[in-house]
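The chain contents come next:
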Amino acid sequence: MSIIQTVRMRSAAAGAPAAGAGAGDDAVALDLRGVQKTYDTPGRPQVEAIRHLDFSIRRGELVCVVGPSGAGKTTLLRSIAGLLDLTAGEVVLDGRVVSGPPEGMAVVFQEYGRSLFPWMTVRQNIELPLKEKGIAKAERRAKIDRALEEVGLTEAGEQHPWQLSGGMQQRVAIARAIAFEPSVLLMDEPFAAVDAQTRAELEDLVRKLWKDLGVTVLFVTHDIDEAVYLGERVIVLSNRPTVLMEDVRVDLPAERDQLTTRSDPHFGELRGHVYELIQQAKRGVRPDAPAASSPQEA
Ligand SMILES: Nc1ncnc2c1ncn2[C@@H]1O[C@H](COP(=O)(O)OP(=O)(O)OP(=O)(O)O)[C@@H](O)[C@H]1O
C-alpha cells in the first residue's frame, strides 16, 4: 500500500458516533463488535475471511495479532483501518464507528520502500500528513523534530530515503506515523523485510515509543517470538474463516530487553503456548467447531 492511501486514510472524515458512545468506556480505544468479512467478487467464489471477531483494545495498550498464514490478518487490519466494507459488525475507534479511513489512525506497513516518497527528504516525508491535517508550519517543524529524535534520526532529516538503510527507512515511516500523533497506531508486519539485528532494534524502538508516547498500538506479525516480546496481549487467530483462538495475556515485566526477556523461562512458556495455539489452528482446531457428537447421538 502506498503513502498516498495512508495519507488519504488520515484525512477522511471520521464515522458516526457509535451506539452508546458518550456513555461508553473512555478507556477503550478500539472496539471490534461482531466483525465479519466475506469477499464477494463477481464471477469468483465467495471467500469468507473473517467469520466473527469481537475484542477491544484499551487506550495505551500494545496488542499483537498472530495467526496461521492466510488466516485473515491483513483483512483484519484493513477492516480496522476503514479500507474495507465489512459484511457485518462494526469497528469503533474512540467511540466512533469507522466508516472510512479514520482521522485518528496511522499505519506502518512492511514495504517501507514503497511507502516513502523518494524525491522528498526525510523531513518532507514526515511533514506531508501534518500539512494535510492543516497544522501550522512552526508546529509542524516542532513535531518533525520530536519524531526524528524519538526514532534516533535527528541527523538524517535532510537526506532522501534512498540514502538510508532499510532499517532507517522504516524508522522514517514510524516517525511519520508518530508525528501525526494517532490515537491508534496500526503496524502490519513492519519488520518482516529487515535483517534480524535491525529487527531487534526496531522492536525495542516500538516498546520505547509506546512507553514514551503512550500511544495505543496494534501490531500484526507472523513472528510468535516478536509478538510475545512486544505485546501486553497476543491475539491468536484461528485458520480461515477467522475467529478468535485465544487472547493471551503477556504477563512479563514491563521493562523488556532482548537478552533478559527472551531468556526468561516465562517468555519460553508463553512462546510455547502461542506456538501450540498456532499449530492447533493450522490443524483446523477452532473454538467454534461443533463438539464431536457422542455415539448415542450419532
Ligand atoms: N481482495 C480479496 N478478494 C478475495 N479474497 C481475498 C482478498 N484479499 C484476501 N482474500 C482472501 O482472504 C483470506 C485471508 O487473506 P489475508 O491476506 O487477510 O490473510 P493473512 O493472514 O494476512 O495472510 P498471510 O499470513 O499469508 O499474509 C485468504 O484466503 C485470501 O486469499
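In case you missed it, the structure is sitting above this.
Within every chain, residues take consecutive numbers counted from 1 along the sequence as written. The predicted origin of the model limits local features to residues at a pLDDT of at least 70 and limits the giving and counting of side-chain atom pairs to 80 or more, whereas totals for whole chains, interfaces and linings rest on all residues. With hydrogens and water set aside, each side-chain value is computed from the structure's full complement of heavy atoms.

Student: Got a minute to help me understand the side chain of Gln 169 in this structure?
Tutor: By the element assignment, Gln 169 lies in helix H6 (residues 166-179). Exposure classes here rest on a 1.4 Å probe applied to the protein chains alone. A residue is buried below 20% of its type maximum, exposed above 50%, and partly exposed in between. Gln 169 sits in the buried class, given a relative accessible area of 12%. Each helix corresponds to a stretch of at least 4 residues labelled H or I by DSSP, and each strand to a stretch of at least 2 residues labelled E; elements are numbered beginning at the N terminus.

Student: Looking at this structure, how should I read the nonpolar core?
Tutor: In a soluble, globular protein the nonpolar side chains are often hidden away together inside. In this text, buried Ala, Val, Leu, Ile, Met, Phe, Trp, Tyr and Cys residues form a nonpolar core when linked through side-chain atoms within 4.5 Å. Ranked by size, the top nonpolar core spans 55 residues in total, and within it Ile 174, Met 187, Val 228, Val 234, Val 236 and Val 274 carry the most contacts. It is H6 that provides the largest number of residues to this core, a total of 7 residues. With sequence-adjacent residues up to four places away left out, Met 187 is seen in contact with Leu 77, Val 108, Ile 174, Val 206, Val 217, Leu 218, Phe 219 and Val 220. Grouped together as the second largest cluster of nonpolar side chains are 27 residues, Leu 32, Ala 71, Leu 93 and Phe 109 included. Residues count as neighbours in contact if any of their non-hydrogen atoms are within 4.5 Å of one another.

Student: Honestly, the pairing of strand E4 (residues 88-93) in this entry has me stumped. Any pointers?
Tutor: Working note: regular strand, side chains alternate between the two faces of the sheet. In this scheme, strands are said to pair when DSSP sees at least two bridges between them. In the sheet, strand E1 (residues 28-39) pairs with E4 via 5 bridges, with the strands oriented antiparallel. Within E4, the position partnered with Gln 36 by the bridge is Ala 88. Taken together, the 2 bridges between E4 and strand E5 (residues 96-97) define a ladder with antiparallel strand orientation. Opposite Val 92, over in E5, you have Val 97 as the bridge partner.

Student: Mind showing me how you'd approach the pattern of salt bridges here?
Tutor: It is possible for side chains of opposite charge to pair when their charged atoms get near one another. Within this document, salt bridges are pairs made up of a side-chain nitrogen of Lys or Arg and a carboxyl oxygen of Asp or Glu, the two lying within 4 Å of each other. Tallied over the full model, the rule gives 25 salt bridges. Glu 226 is the partner of Arg 199 in a salt bridge, and the nearest nitrogen-oxygen pair spans 2.9 Å. With Arg 199 in helix H7 (residues 196-213) and Glu 226 in helix H8 (residues 224-230), the pair connects residues that are 27 residues apart, well separated along the chain. The two residues Arg 199 and Glu 226 agree in class, both being buried. A salt bridge links Glu 255 to Lys 211; its shortest N-O distance comes to 3.1 Å. Here Glu 255, found in the loop between strand E10 (244-249) and helix H9 (258-262), pairs with Lys 211, found in helix H7; they are 44 residues apart in sequence, far enough to count as distant. Overall, Lys 211 belongs to the partly exposed group, its relative accessible area being 39%.

Honestly, that's just the spatial picture; any functional story needs more than this.
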